[in-house]
Amino acid sequence: MSRLDLGLPRRLALVVEPLPGEALLSWLNIMSAEHGGLPRLRTAQITGVLAGDESRHALGTGSALYYPHAAKVARMRAAAALTELQVTNMLWHRFRGTALYPFGPQWVKETSRTSLLKWWIDPNALRLCPRCVDESGGRWLLAWQLPWVFVCLTHRCYLVGACPVCGRAFTAHGTNPLHGAPHYPPLVNGMRQRQCGARLRELPAVPAQDDELLALQQRLWDALHAPAEGHAESFGLFQDLWAMACLALFTAHPEDLSGADTVVREAFAAFCRTHDGAAGRRFTASELRTPPVLVQTAVIRTAARIVFAEDPLAVADTVAGLSRDPHSAAIIALRKAWNVRPLFLVTRHTTARIKAVMDVADYSGSGHAPPPKRRSRTTTFATDLGER
Ligand SMILES: [Zn+2]
Ligand SMILES: [Zn+2]
């Protein structure tokens, strides 16, 4: 059978190998540059990422970045001689079982954009290690887009999630650090705002000197890349940390960050100041989904102190005054947030490790009986996870 019969793209003469851990969008950027600045959609077609008749939508919010469909793997092997592992490693599906829900019945087998959004991952968020970006000529790792990666362990510096000149957040779809070119801010009302002139290849690096945080980052990196037999443990760890990170987001104070680098403490202090209210802290859904990288760092660092403590409840008490006042405004605001998107799955799969904390922080005491759907949490385990 000829290639035409199979619908496979032609073999490209010019292929740049993906870097270990590189994101598909980053690889498309370099392939586009190698092909004379070809538009991304066309690049995706000639590399086999998209079938000839797939639209731009499949790259933006559709399926192209998530799941290694057999047809896509075959196309990318034909066009770019990539192995199935190379293809899979560029797609979000690689985090299934660690940062993403591990298994499911047939109808939730596919990893999708919705799966990511449910597990605290914003597929359009982008954080960069300035030094790695310089050394690789503008390429980025998929893992940097996860909330669980905030420091580059090679260069011991914080990832940067927003332009230091204009303050706009980088986005996986709108930012292209490849040629040190100015980035395009996100679309607003369908119009591109004026492009920012900051050179992304010369971002200032902020050193990470906090040994506790560096050790935590190493631990999380290992958990993200655990072999299959370690997935259950990794997934449990991320769920415990996520729940406690939310607790910290709603209740912690900068004083809880003893030993943290000044940039992290200051970022968290500023964030608290702008969100504190008489009825607890208030956040928009997008702030809950993707807090700024240094704020996320602060709350995950605090969460780790709780999760890894010999007595998690004692540490949670020092952060949130949990046992002393389980119905404080801060805790009530947290409980409300836990019940709606984007955090509504956060308390479902926490482990025995933090049970004592969850018994108090989750629904407890008179007037705070759990709503019916939460009372049967364990029996509805499988159906809760419908991902469409
Ligand atoms: Zn780096
Ligand atoms: Zn900018």
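Please read these numbers as outputs of a predicted model, since none were measured by experiment. (Residues numbered from 1 in each chain as written. Chains lettered and ligands numbered in written order. Predicted model: local features only at pLDDT ≥ 70, side-chain atom pairs only at ≥ 80, totals over all residues. Heavy atoms only, no water.)

Draft legend 1. The arrangement of the overall build of the protein in detail. Looking only at helices and strands, the protein has 18 helices and two strands in total. Taking all 388 residues of the protein together, the buried fraction comes to 53%. For the protein, the share of sequence-separated contacts (at least 6 apart) that also reach a separation of at least 24 residues comes to 68%. Element-wise, carbon and sulfur atoms account for 55% of the exposed surface of the protein, whose accessible area totals about 17,400 Å². (Helix = DSSP H or I, 4+ residues; strand = E, 2+ residues; numbered from the N terminus. Buried < 20%, exposed > 50% of the residue type's maximum accessible area, 1.4 Å probe, protein only. Contact = heavy atoms within 4.5 Å. Areas by Shrake-Rupley, 256 points an atom, 1.4 Å probe, with all protein chains shown as cover.)

Draft legend 2. Main features of empty space enclosed by the protein. Taken as a whole and assessed by the stated rule, the structure comprises three cavities of 30 Å³ or more. What the largest cavity holds in volume is close to 50 Å³. Lining the largest cavity are Ala23, Leu24, Leu25, Leu65, Met90, Trp92, Pro123, Trp140, Leu142, Gln145 and Ala172. Counted by class, the lining of the largest cavity contains 10 nonpolar, one polar and no charged residues. If you count residues domain by domain, the lining of the largest cavity takes at least three from each of domain 1 (3–90) and domain 2 (125–208). What the second largest cavity holds in volume is close to 40 Å³. Looking at the second largest cavity, the residues that line it are Trp120, Ile121, Asp122, Ala125, Arg127, Gln145, Leu146, Pro147, Arg289, Thr290 and Gln296. In the lining of the second largest cavity, the residues fall into five nonpolar, three polar and three charged. Taken domain by domain, the makeup of the lining of the second largest cavity includes at least three residues from each of domain 2 (125–208) and domain 3 (211–384). (1 Å grid on protein atoms, 1.4 Å probe; cavity = no way out; pocket = protein on both sides within 12 Å on 5 of 7 lines; lining within 4 Å. Points joined across faces, edges and corners; volume = space filled by probe spheres on them. Nonpolar A, V, L, I, M, F, W, Y, C, P; charged D, E, K, R; others polar. Domains from an automatic or database assignment.)

Draft legend 3. Region of the structure containing the nonpolar core. Judged by nonpolar contacts, the single largest core of 120 residues is most densely connected at Trp27, Trp144, Trp148, Met244, Leu247 and Leu322. At 13 residues, helix α10 (residues 231–251) tops the list of elements feeding residues into this core. In contact with Trp144, not counting residues within four places along its chain, are Arg127, Leu128, Cys129, Cys132, Val133, Arg139, Val149 and Leu159. (Core = buried A, V, L, I, M, F, W, Y, C linked by side-chain atoms within 4.5 Å.)

Draft legend 4. Layout of the coordination of the zinc ion (ligand 1). For the zinc ion (ligand 1), every protein donor is listed as Cys129 (SG), Cys132 (SG), Cys152 (SG) and His155 (ND1), and the spread of their distances is 2.1 to 2.3 Å. The coordination sphere of the zinc ion (ligand 1) comprises four donor atoms, whose angles at the metal cover 105 to 113°; the geometry is tetrahedral. Each donor residue of the zinc ion (ligand 1) belongs to the same chain, with the gaps between them written as C-x2-C-x19-C-x2-H. Note that Cys129 is positioned in the loop between α7 (113–118) and α8 (130–136) and Cys152 in strand β1 (residues 151–152), a separation of 23 residues in sequence. Both residues of the pair, Cys129 and Cys152, belong to the buried class. (Donors = N, O, S within 2.8 Å, 3.2 Å for Na, K, Ca; no water. Tetrahedral: all angles 85-135°; square planar, octahedral: opposite > 155°, others 65-115°.)

Draft legend 5. Quick look at helix α13 (residues 293–307). The end-to-end C-alpha distance of α13 is 20 Å, a good match for the 21 Å that 15 residues give at a rise of 1.5 Å each. Judged by how many residues are buried, α13 sits mostly within the fold: 13 of 15 residues are covered. (Expected span 1.5 Å × (residues − 1).)

Draft legend 6. Structural detail: the packing of helix α11 (residues 262–275) against α13. Direction vectors running N to C along α11 and α13 enclose 100°, while the axes themselves pass 8 Å from each other. Comparing the axis directions of α11 and α13 gives the class roughly perpendicular. On the side of α11, the interface is formed by Val263, Val264, Ala267, Phe268 and Phe271, while α13 contributes Leu294, Val295, Thr297, Ala298 and Val299. Residues that form the contact of α11 with α13 fall into these classes: nine nonpolar, one polar and no charged. (Axes fitted to C-alpha atoms, helices over the stretch in contact; angles between N-to-C directions. Parallel < 35°, antiparallel > 145°, perpendicular 65-115°, else oblique.)

Draft legend 7. Looking closely at the packing of aromatic side chains. For the structure shown, the criterion picks out 10 aromatic pairs. Their ring planes at 40° and their centres at 5.0 Å tell us that Trp148 and Phe238 sit as a pair that is tilted. Linking Trp148 in the loop between α8 and β1 with Phe238 in helix α10, this pair joins segments that are 90 residues apart in sequence. Pair check on accessibility: Trp148 and Phe238 agree, each one buried. On the numbers, 5.7 Å between centres and 20° between planes, the contact of Phe271 with Phe283 is stacked. Separated by 12 residues along the polypeptide, Phe271 in helix α11 and Phe283 in the loop between α11 and α12 (285–289) bring together distant segments of the chain. Exposure remark for Phe283: the relative accessible area of 15% places this residue in the buried category. In this structure an aromatic cluster arises from ring pairing among Tyr101, Trp119, Trp120, Trp148, Phe235, Phe238 and Trp242. The ring of Phe308 is capped by Arg219, whose NZ or CZ atom sits 3.7 Å from the centre of that ring. (Phe/Tyr/Trp six-rings, centres within 6.5 Å; stacked < 30°, edge-to-face > 60°. Lys NZ or Arg CZ within 6 Å of the ring centre and 35° of its normal.)

Draft legend 8. A look at the environment of Thr351. Tracing the sequence through the fold places Thr351 in the loop between α15 (329–338) and α16 (355–361). A residue is classified by how much of its surface remains accessible, and Thr351, at 27% relative accessible area, is partly exposed. Separated by 115 residues in the primary sequence, Thr351 and Gly236 place their C-alpha atoms 6.0 Å from one another. Once you skip the residues sitting within four places of it in the chain, Thr351 turns out to touch Gly236 and Asp240. There is a polar contact of 2.6 Å between the side chain of Thr351 and the side chain of Asp240. (Polar contact = N/O pair within 3.5 Å; in protein donor to acceptor, adjacent residues only side chain to side chain.)

Draft legend 9. View of the packing of α10 against α15. Put simply, α10 and α15 touch, their axes get as near as 9 Å, and they point 135° apart. Relative to α15, α10 is oriented oblique. The hand of the α10/α15 crossing is right-handed. Here Ala243, Cys246, Leu247, Phe250 and Thr251 of α10 lie close against α15, whose contacting residues are Ala330, Ile331, Ala333, Leu334, Ala337 and Trp338. (Left-handed = near helix turned anticlockwise from the far one by under 90°.)

Draft legend 10. Here's a closer look at the environment of His155. Looking at where His155 falls in the secondary structure, it is placed in the loop between β1 and β2 (157–158). In the structure, His155 is positioned 23 residues away from Cys132 in sequence and 7.8 Å away in space, judged by C-alpha atoms. Once residues within four sequence positions are removed from consideration, His155 is found in contact with Cys129, Arg131, Cys132 and Glu135.

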